[in-house]
Amino acid sequence: MKKEFITRENKNVRTLGRILYHDGICYLGYSASEVGFYYGGERIVADIVTDDWRKEEGREGWAGVFVGDDEEPFCRFPLKEEEKEYELFDRAAYAAAKGVGVDALPDELVIHIVKYSEVAFGAMGIRYLLIDEGTELRPLLEKKRKLEIIGDSITCGYGIEGVCDVDVFNTPQENPFKNYALRTARALDADYQLVSWSGIGLISDWIPPEREEPDETILIPQLYPYTAYTVSKRLGIAPEIWEPSRFLPDLVVIHLGTNDDSYTRQNPEREAIFEEAYQKLYRSVRENYGDVEIVCCLGIMARTLCPVIAHMVEKLREAGDTHIHYLEFEAQKEEDGIASDWHPSEITHKKAARKLTEFCRKLLEK
């Protein structure tokens, strides 16, 4: 087998997400980041590096491989070693899993190497791929549409495979491919880029009821300007400023406020600070992408900031920005199931995706 290095200059693959390249390694940072390509060979092996999160059970990074349009991964596995060669694909094994003969498969298959766990835990860096001698990778074509989704744990797919009062957060049960954001992207046949972190807010991370001071440990305004702020910090390098031209979306979804809600608590002064921070993020998106459509969402888990965001959007529209919109999700219901730590279940994510898809489709078809 021969080595294929996934560098910034490698035109044989297509990447999704804010990919960080450092020291010859391609780091897939945020949830659902991917390296994708067409492949006509028999096997693929990847040399993958990770960091000290591998030592904490339930906090290690997770990776996976999707083939073609399959909704379930061919493989999904934890990154338990500091560096290891993992077998990602075997044509005969894939054919057997599909219940067909090898000859029934297309000569070339679409391969997606993806990151399941969020950027807060377990780094995933691809040092190189091993592919069959005599084969070449071909990049996937870009889709007609592109979405950027800025969010928190809901956007990471936090606990979506867990059960409330049974499970607590762990990376094995985190699945962005079942969340509202990627379901919407698939329904719109769009490429996507997530910038999300569990527990995060604009002015405060989630805090318990007895606490009065905001938790400013890591906030979206710290992350958004950079390719992979925290990955860079863990690598001991200066954070790379994200170049917006690397991914120009047709629509940006901002799904924030759930964690700020734990601090604002319908306090007018705190809500005003929240609105000011939200408008600053809005201006950053405008600076990056011009008149892109922006959809501001909230409502699944926490709702007291819904009127604040709705009013802010109304004021911006009255001031002349007709490309910003507000969409309120229905609150999750116990009969739809509740996932880990009171997070939305897969059923709730499906319902939110249907509502968001319909809303976005109308905007994109104008």
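Description of the structure in this document. (Residues numbered from 1 in each chain as written. Predicted model: local features only at pLDDT ≥ 70, side-chain atom pairs only at ≥ 80, totals over all residues. Heavy atoms only, no water.)

Look at helix α9 (residues 346-364): 26 Å from first C-alpha to last across 19 residues, which is about the 27 Å you get at 1.5 Å a residue. Where the residues of α9 are buried, they touch α2 (153-156), α3 (180-187), β15 (251-255), β16 (293-298) and β17 (324-328). (Helix = DSSP H or I, 4+ residues; strand = E, 2+ residues; numbered from the N terminus. Expected span 1.5 Å × (residues − 1). Contact = heavy atoms within 4.5 Å.)

Now for helix α1 (residues 91-98). Listing the buried residues of α1 in full gives R91, Y94 and A95. Looking straight down α1, one finds its buried side chains confined to an arc of 100°; they lie on one side. In α1, the exposed residues that point more than 90 degrees away from the buried face are A96 and A97. Of the surrounding elements, those touching the buried residues of α1 are β5 (34-39), β7 (62-67), β9 (83-90) and β10 (109-115). With a side-chain oxygen positioned 3.2 Å from the backbone nitrogen of A92, the residue opening α1 is D90. Positive phi shows up at G99, right after α1, with a value of about 75°. (Buried < 20%, exposed > 50% of the residue type's maximum accessible area, 1.4 Å probe, protein only. Arc of directions from axis to C-beta. Polar contact = N/O pair within 3.5 Å; in protein donor to acceptor, adjacent residues only side chain to side chain.)

Judged by which residues are buried, strand β4 (residues 25-28) turns out to be covered on both faces: I25 and Y27 on one side and C26 and L28 on the other are all buried. Linking strand β3 (residues 19-22) to β4, which pair antiparallel, is a turn of 2 residues; within it D23 sits at a positive phi near 55°. Bridge count for β4 against strand β11 (residues 125-131) is 2 bridges, and the pairing is antiparallel. If you follow Y27 over to β11, its bridge partner there is G125. (Pairing = 2+ DSSP bridges.)

The next subject is unusual backbone geometry. For residues besides glycine, phi is generally negative; the peptide bonds are generally trans as well. In the Ramachandran plot, D189 falls in the positive-phi region, its phi being about 50° despite a non-glycine side chain. Here D189 shows up in the loop between α3 and β14 (190-196). Given a relative accessible area of 44%, D189 falls into the partly exposed group. Of note, W342 is a non-glycine position whose phi angle comes to about 65°, a positive value. Of note, W342 is situated in the loop between β17 and α9.

Read across the open sheet, the 5 strands follow the order β14-β13-β15-β16-β17; overall the sheet is parallel. The open sheet is flanked by β14 and β17, the only strands paired with a single partner. Averaged over all adjacent pairs, the angle separating strand axes in this sheet is 20°, with direction ignored. Across 5 bridges, the pairing between strand β13 (residues 145-151) and β15 is parallel. (Axes fitted to C-alpha atoms, helices over the stretch in contact; angles between N-to-C directions.)

Our next topic: the packing of aromatic side chains. The final tally for this structure, using the stated rule, is 14 aromatic pairs. A ring pair is formed by F77 and Y86, whose centres lie 4.8 Å apart and whose planes are at 25°; its orientation type is stacked. Y86 matches F77 in its accessibility class, with the two residues each being buried. An aromatic cluster is built from W53, F121, Y158 and F169, whose rings are joined through pairwise contacts. (Phe/Tyr/Trp six-rings, centres within 6.5 Å; stacked < 30°, edge-to-face > 60°.)

The next thing to look at is the packing of α3 against α9. Relative to each other, α3 and α9 sit at 45°, their axes nearing to 8 Å. The angle between α3 and α9 places the two elements in the oblique class. In terms of crossing hand, the pair formed by α3 and α9 is right-handed. Every residue of α9 that contacts α3 at Y180, R183, T184 and A187 is listed here: E346, H349, K350, A352, A353, L356, T357 and R361. Of the residues belonging to the contact of α3 with α9, the class tally is 5 nonpolar, 3 polar and 4 charged. (Parallel < 35°, antiparallel > 145°, perpendicular 65-115°, else oblique. Left-handed = near helix turned anticlockwise from the far one by under 90°. Nonpolar A, V, L, I, M, F, W, Y, C, P; charged D, E, K, R; others polar.)

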